[in-house]
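The chain contents come next:
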Amino acid sequence: RVLCAELLRKFDPGRQWHCGLGFDGLLPEQVEKHLLECTFRPVGCLNAGCHALFSARYADEHDAVCEHKVVACERGCGEQLCRFAMREHLDGSCGLKPVACPFLFVGCHAPLVQRDLAAHESAATCAHLAYISPISRVYLAAHPILAYISPISRVYLAAHESAATCAHLALVLRKMVAQEEALLKMRAEMAQMAQRAAASGAEAVQLRATIELLRTEQKRAVNGQHDAYEKRVHALECTIAALSKEVRSGLSGASAESRKLREAVDKMQLPRTSRSEKH
């Protein structure tokens, strides 16, 4: 403790990290009062869910960044929420979140926020239908049935278009929802096809590796068979050479024996000839 106090006095002369007040000569009441007012007394965060501990002098700094502090919506929609939930609120349920009109694709560019979208859809029904009508009339004008509609029927048709605005708009909305569902389904199918293609690609790579392995093994087997064949041929050649050598040596031996026999015969004939001459 003495060492810590000495280090603090030496390296923190400005008292940024310690109080430095000594209690020598102070009354107990003064000591208690200082402990309650000291800016370096340990305190805890008052925000529910936060368990941070810090010196009292840093309470404002922590409060300014505490993720558990309840604050108002940054857009001013009136919601009160914890700071850590602000991003999810701004991207999701915030009433002042900027949104686009569902009829943007036909020309409605009204600047809207999320909480005004339903009122806009109800108030601008005729305007939305007016955006759609030119498109509908193009298809209607190209339809062959228009040639059989009388002028009176066309008057009733115009009145029907005006009276059934909401119904027509509901049909358009249902068609848009159905197309969006079909698009989501198509995207899901495309994702599945991409996964299958990736799996097929992996299987193809594995099959190629297997084929290369089989080719290598086949080449090794052929080379092994060829080596065995060469060894057998060499052994046969060696055997034939040995047999030929034996045959040649046998023939030379037979020739030598034949010469010896001839010489012996010639020797036997010489005495007989001499005897016949004597007689």
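Just so it is clear, the structure is predicted and the values come from calculations on it, not from any experiment.

1. Side note on the overall build of the chain
From N to C terminus, the chain includes eight helices and six strands. Counting over 279 residues, the chain shows a buried share of 14%. Relative to all contacts within the chain whose residues are 6 or more apart in sequence, the contacts with residues 24 or more apart total 20%. Summing over all exposed atoms, the chain offers an accessible surface of approximately 22,400 Å²; the carbon and sulfur share of this is 61%.

2. Observations regarding the pattern of salt bridges
Applying the stated rule across the entire model yields three salt bridges. As a salt-bridge pair, R87 and D91 come within 3.6 Å of each other at their nearest N and O atoms. Of this pair, R87 and D91 both sit in helix α4 (residues 86–91), separated by four residues, roughly a single helical turn. D91 gets classed as partly exposed once you look at its relative accessible area, which sits at 45%.

3. Some remarks on the nonpolar core
By size, the foremost hydrophobic cluster in this structure holds nine residues: V71, C73, C77, L81, M86, L90, C94, L96 and V113. Excluding anything up to four places from it in sequence, L96 contacts R75, G76, C77, V113 and R115. F103, V106, C108 and L112 belong to the second largest nonpolar core, which has six residues in total.

4. Focus: the confidence of the model for the chain
Confidence along the chain averages 76 in pLDDT terms, with 70% of residues attaining 70 or more. Here residues 143–150 scores under 50 on pLDDT; set against residues more than four positions off or in separate chains, the count is four contacts.

5. What to know about the side chain of H120
Note on placement: H120 falls in helix α5 (residues 117–123). Setting aside residues up to four positions removed in sequence, H120 forms contacts with C101, C108, A110, L112 and H128.

6. Examining the environment of H51
Positionally, H51 belongs in the loop between β1 (42–44) and β2 (53–55). H51 sits in the exposed class, given a relative accessible area of 74%. For the pair formed by H51 and H68, sequence separation is 17 residues and the distance between their alpha carbons is 9.8 Å.

7. A word on a nonpolar patch on the surface
Taken together, the side chains of L183, M186 and M190 define a hydrophobic patch exposed on the protein surface, amounting to about 290 Å² of accessible area. On the secondary structure map, L183 appears in helix α8 (residues 165–278).

8. Things to note about the environment of Q80
Here Q80 is to be found in strand β4 (residues 80–82). Note: C-alpha distance between Q80 and K69 (11 residues apart in sequence) is 10.0 Å. If we skip the residues at most four places from it in the chain, Q80 touches V70, V71 and A72.

9. Brief notes about the side chain of H62
Counting through the fold element by element, H62 comes out in helix α3 (residues 59–65). Once residues lying within four places of it in the same chain are set aside, the contact partners of H62 are C45, C50, A52 and F54.

10. Section: the state of the cysteines
Applying the stated criterion to the full structure yields zero disulfides. For C82, which is in no disulfide, the shortest distance to another cysteine sulfur is to C66 and amounts to 8.5 Å.

Thresholds applied
- Residues numbered from 1 in each chain as written.
- Predicted model: local features only at pLDDT ≥ 70, side-chain atom pairs only at ≥ 80, totals over all residues.
- Heavy atoms only, no water.
- Helix = DSSP H or I, 4+ residues; strand = E, 2+ residues; numbered from the N terminus.
- Buried < 20%, exposed > 50% of the residue type's maximum accessible area, 1.4 Å probe, protein only.
- Contact = heavy atoms within 4.5 Å.
- Areas by Shrake-Rupley, 256 points an atom, 1.4 Å probe, with all protein chains shown as cover.
- Salt bridge = Lys/Arg side-chain N within 4 Å of Asp/Glu carboxyl O.
- Core = buried A, V, L, I, M, F, W, Y, C linked by side-chain atoms within 4.5 Å.
- pLDDT = per-residue confidence, 0-100.
- Patch = residues over 30% accessible without salt bridge, like charges linked within 9 Å, V, L, I, M, F, W, Y side chains within 5 Å.
- Disulfide = S-S within 2.5 Å.

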